[in-house]
Amino acid sequence: MAKIIAVANQKGGVGKTTTAVNLASAIADKGRRVLLVDLDPQGNATSGLGVTVKNGYNLYSVMSGECSAKEAIRRTRFGALSVLPSSVDLSGSEIELVMQEHREEVLKHALNSVSGEYDYIFIDSPPSLGLLTINALTAANSVLIPIQCEYYALDGVGQLMNTLTLVRKRLNPALDVEGVVLTMLDGRTNLGLQVVSEVKKHFKGKVFSTVVPRNVRLSEAPSHGVPIQVYDANCTGAAAYSRLGDELIKRNEG
């Protein structure tokens, strides 16, 4: 069965989708079977892998019961990486889910049906704490939290941790924090280094050693519909996500 990891932070602009796409791709590059689930109605993880959803099934089709997860999953051209694509229709799911029984467990049941086909499943959660994110946290074994190395970095993280506590109490007692990934570090500034120190104190042993630097190539890659390992394998961003992939695999596989 796959290890299911929700990538979540309700604060926007922290490198959440960048991390979901490039970490999933890095781990697929290392020979693991990986599924990336794009739970964000903006669909940036989907387009970042060059997948279009004008026709055919997508995650909204799965959440609404129109098809199974297996029918909606697309293989990408990037090794053993597949994607369950998003569409703008997913924004209506929050309203529709309110009317459903066991509404927090829709994604969990969908992913359970395909979990045996993958080693890792990453869920790119929306930048909010609504029903879609609750579905991600209910389906996941653990949550990966990207935090940017900027002023007010820990703003809103307390709210996310409170949500994790509630989800553990009511829906998913085994939910763990996979770890914290520090992103967008500008090593030339004292502020960035201070934030790294502050986050490590706050989360103690949960912070990954790899820190993702601020890197222009990382921001360019999505517009070309490819992960950073394909766009520029030699840049600092690609090297960081490769190291992060190694760390995550070591934590989970020993």
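One can find the structure itself at the top, above this paragraph.
It should be emphasised that the depicted structure is a prediction, and the values quoted were computed from it without experimental measurement.

In this section: helix H7 (residues 131-139). Counting buried positions along H7 yields nine of nine residues, so the element is predominantly enclosed. Those residues of H7 that fall on the buried side of the exposure criterion are Leu131, Leu132, Thr133, Ile134, Asn135, Ala136, Leu137, Thr138 and Ala139.

Counting 53 residues, the largest nonpolar core has Leu35, Val37, Leu59, Leu84, Leu107, Leu111 and Ile123 as the members making the most contacts within it. In terms of residue count, the dominant contributor to this core is H7 (six residues). Setting aside anything within four residues of it in sequence, one finds Leu111 in contact with Ile4, Leu35, Val37, Leu84, Ile121, Ile123 and Ala139. Listed in part, the 33 residues of the second largest apolar core include Val34, Val83, Phe122 and Ala240.

The sheet built from eight strands is open, its strands ordered E3-E4-E2-E5-E1-E6-E7-E8 with mixed pairing. Single-partner strands in this sheet number two, and they are strand E3 (74-75) and strand E8 (207-213). Lying over the sheet, helix H1 (residues 16-29) contacts strand E1 (3-7), strand E2 (34-38), strand E4 (81-84), strand E5 (120-124), strand E6 (142-148) and strand E7 (176-185), oriented at roughly 165° with respect to E5. In the packing of helix H12 (residues 236-253) onto the sheet, contacts are made with E1, E5, E7 and E8, and the angle to E8 comes to roughly 165°.

On to H1. For H1, spanning 14 residues, the distance from its first C-alpha to its last is 20 Å, which sits close to the expected 20 Å at 1.5 Å a residue. After H1 finishes, the residue Gly31 shows a positive phi value of roughly 90°.

On to unusual backbone geometry. The phi angle at Tyr152 is positive, at roughly 65°, despite the residue not being glycine. Inspection of the secondary structure assignment puts Tyr152 in the loop between E6 and helix H8 (157-170). Backbone geometry at Lys204 places phi at a positive 50°, although glycine is not the residue there. Within the fold, Lys204 resides in the loop between helix H9 (190-203) and E8.

As a further point, take the pairing of E7. Most of E7 sits inside the fold, with eight of its ten residues counted as buried. The pairing of E6 with E7 spans seven bridges and is parallel. Bridge pairing in E7 places Ile147 opposite Leu182. Assessed by its sense of winding, the connection that carries the chain from E6 through H8 to E7 is right-handed. Summarising the sheet, E7 and E8 pair through three bridges and their orientation is parallel. Looking at the pairing, Leu182 lines up with Val211 of E8.

Turning next to the pairing of E4. Burial of the side chains of E4 extends over both faces: Leu81 and Val83 are buried on one face and Ser82 and Leu84 on the other. Both E2 and E4 contribute to a ladder of four bridges, which runs parallel. By the bridge assignment for E4, Val34 is matched with Leu81. In the sheet, E3 pairs with E4 via two bridges, with the strands oriented antiparallel. Paired with Arg74 across the bridge in E4 is Val83. Between E3 and E4, which pair antiparallel in sequence order, lie five residues; one of them, Gly79, sits at a positive phi of approximately 60°.

Parameters and conventions
- Every residue gets a number counted from 1 within its own chain, in the order that chain's sequence is written.
- Side-chain atom pairs in this predicted model are given and counted only at pLDDT of 80 or more, local residue features only at pLDDT of at least 70, and totals for whole chains, interfaces and linings cover all residues.
- Excluding hydrogens and water, the side-chain figures rest on all heavy atoms present in the structure.
- Each residue gets one of three labels from its accessible area relative to the maximum for its type: buried under 20%, exposed over 50%, partly exposed in between, using a 1.4 Å probe on protein chains only.
- Runs of H or I in DSSP of at least four residues are treated as helices and runs of E of at least two as strands, each being numbered from the N terminus.
- We define the nonpolar core as a collection of buried residues of types Ala, Val, Leu, Ile, Met, Phe, Trp, Tyr and Cys that are connected through side-chain atoms lying within 4.5 Å of one another.
- Throughout, a residue-residue contact means that at least one pair of heavy atoms, one from each residue, lies within 4.5 Å.
- Two strands are said to pair when DSSP picks up at least two bridges between them.
- Note on geometry: axes are lines fitted to C-alpha atoms, helical ones only across the stretch in contact, with angles between N-to-C directions running from 0 to 180 degrees.
- To estimate how far a helix should reach, multiply one less than its number of residues by 1.5 Å.
- Crossover handedness is defined by viewing with both strands directed away from the observer: a clockwise path from the first strand over the helix to the second marks the crossover as right-handed.

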